[in-house]
Amino acid sequence: MRLATFFLALVFSTFAGAAHAQVVTLNKGGFVLTYDCSIHSATRYEYTLVADTGSAARPSSFYKDPDLPAGCLGQTSTASYASVRSGYDRGHLVTSNHMDYDATYIRRANYMTNIVPQVSSFNQGIWVKAENVAECYRDIAPVDVYGGVVYGDASNDHFLASHGIPTPEFFWKTIITKDPNTGTAKAISWIIPNETGLGSLDSYLVTIADLEELLGASYVAINAPASLKNMLPSASWPLPSGCDLS
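Residues numbered from 1 in each chain as written. Predicted model: local features only at pLDDT ≥ 70, side-chain atom pairs only at ≥ 80, totals over all residues. Heavy atoms only, no water.

Looking at an unreviewed UniProt entry, one finds the protein named DNA/RNA non-specific endonuclease, with Stenotrophomonas indicatrix as its source organism.

Novice: Please explain the environment of Ser 96 as it appears in this structure.
Specialist: Of note, Ser 96 is situated in the loop between strand E4 (88-92) and helix H2 (103-108). Every residue in contact with Ser 96, bar those within four places of it in the chain, is listed here: Arg 58, Ile 106, Ala 109 and Asn 110. (Helix = DSSP H or I, 4+ residues; strand = E, 2+ residues; numbered from the N terminus. Contact = heavy atoms within 4.5 Å.)

Novice: Looking at this structure, I do not really get the pairing of strand E7 (residues 170-178). What am I missing?
Specialist: The side chains of a regular strand alternate, first on one face of the sheet and then on the other. Judged by how many residues are buried, E7 sits mostly within the fold: eight of nine residues are covered. Note that strand E6 (residues 143-150) and E7 share seven bridges and pair antiparallel. When the sheet's bridge partners are listed, Gly 147 is paired in E7 with Lys 173. Inspection of the sheet shows E7 paired to strand E8 (residues 185-193) by nine bridges, in the antiparallel sense. Considered in E8, the bridge of Phe 171 is made with Ile 192. Hairpin geometry of E7 and E8 is characterised by an intervening segment of six residues between the two adjacent antiparallel strands and by a positive phi of about 75° at Gly 183. (Buried < 20%, exposed > 50% of the residue type's maximum accessible area, 1.4 Å probe, protein only. Pairing = 2+ DSSP bridges.)

Novice: I keep staring at the confidence of the model for the protein and nothing clicks. Help me out?
Specialist: The predicted model of the protein averages 92 in pLDDT, with 92% of residues at 70 or higher. Predicted confidence for residues 1-6 stays below pLDDT 50, and this span has eleven contacts to residues more than four positions away or in other chains. (pLDDT = per-residue confidence, 0-100.)

Novice: Help me understand the sheet that holds strand E9 (residues 205-206), please; the structure alone is not making it clear to me.
Specialist: Each strand in a sheet pairs with its neighbour through backbone hydrogen bonds, running either in the same direction (parallel) or in the opposite one (antiparallel). If you walk across this open sheet you meet the seven strands as E1-E2-E3-E6-E7-E8-E9, and the pairing is antiparallel. Lying at the two open borders of the sheet, with one neighbouring strand each, are strand E1 (23-27) and E9. The pairing of strand E3 (residues 41-49) with E6 spans six bridges and is antiparallel. Note on E6: the bridge partner recorded for Tyr 45 is Gly 147. Relative to the sheet, helix H4 (residues 126-137) contacts E3, E6, E7 and E8, its axis offset from that of E7 by approximately 15°. Set on the sheet, helix H5 (residues 208-215) makes contact with E6, E7, E8 and E9; between it and E7 the angle comes to about 145°. (Axes fitted to C-alpha atoms, helices over the stretch in contact; angles between N-to-C directions.)

Novice: Please explain the layout of surface pockets as it appears in this structure.
Specialist: A water-sized probe rolled over the atoms picks out the places where empty space is left. There is about 300 Å³ of room inside the second largest pocket. For the second largest pocket, the lining is made up of 19 residues, of which Arg 58, His 92, Thr 95, Val 128 and Glu 131 are closest to its centre. Elements represented by at least two residues in the lining of the second largest pocket include exactly E4 and H4. Its residues placed into classes, the lining of the second largest pocket shows four nonpolar, ten polar and five charged. (1 Å grid on protein atoms, 1.4 Å probe; cavity = no way out; pocket = protein on both sides within 12 Å on 5 of 7 lines; lining within 4 Å. Points joined across faces, edges and corners; volume = space filled by probe spheres on them. Nonpolar A, V, L, I, M, F, W, Y, C, P; charged D, E, K, R; others polar.)

Novice: What's the story with unusual backbone geometry in this structure? I'm lost.
Specialist: If a residue is not glycine, its phi is most likely negative; likewise, a peptide bond is most likely trans. Residues other than glycine seldom take positive phi values, yet His 40 does so here, at roughly 60°. Examined against the element boundaries, His 40 turns out to sit in the loop between strand E2 (32-36) and E3. Under the relative-accessibility criterion, His 40 is labelled buried at 16%. Its identity is not glycine, yet Ala 221 carries a phi of approximately 55°, on the positive side.

Below you can see the structure in the form of structure tokens.
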């Protein structure tokens, strides 16, 4: 899939100000966030999953991150985005269910540094489907998960006054694992607009190389051979039979 010219312009306008950003790395144990202090938002994340043996409960509350470095501010509120504008969720970048093997890590997944405004139907629909691919394939072989957000359109920034964060335009996710029979590495990536009325995951398939072209290789920051970066599945990976999504 090749993205439209307007998206390229949006990306370029977003990253044109990157030199003025205060960017820090937040290592949360089970996952790592790249965090832009100037917009009070993570812009990238990565983590590795192995077979799911966890059952730690997801917290019912959200928390301000107590570990931000001096001079780096977080969102100003943990309140729901829907309390400000209906139709938006507190959306996770790193899926809380992926951290259920450790009570500390799953709590950190509910820090507001891991939360951004997501359109509700996006969060509860297509984004869950992408999350489930990693959740299921981790039981076959370890998976590396990478992802991030793209900002740029100020017209939908409904939460600057209430939370201090803009609203993302796009989310991207890459999953890398190995075929258990051959040991061959394989990758799948999507870039999905933060909108209502989306199609299937297949409509948003891209390669890692596409992501690098759109966003910059240093931002995507996935160390992989060219063969893997240019891999484009014909369809999103089907969920294996009997996958436990709990």
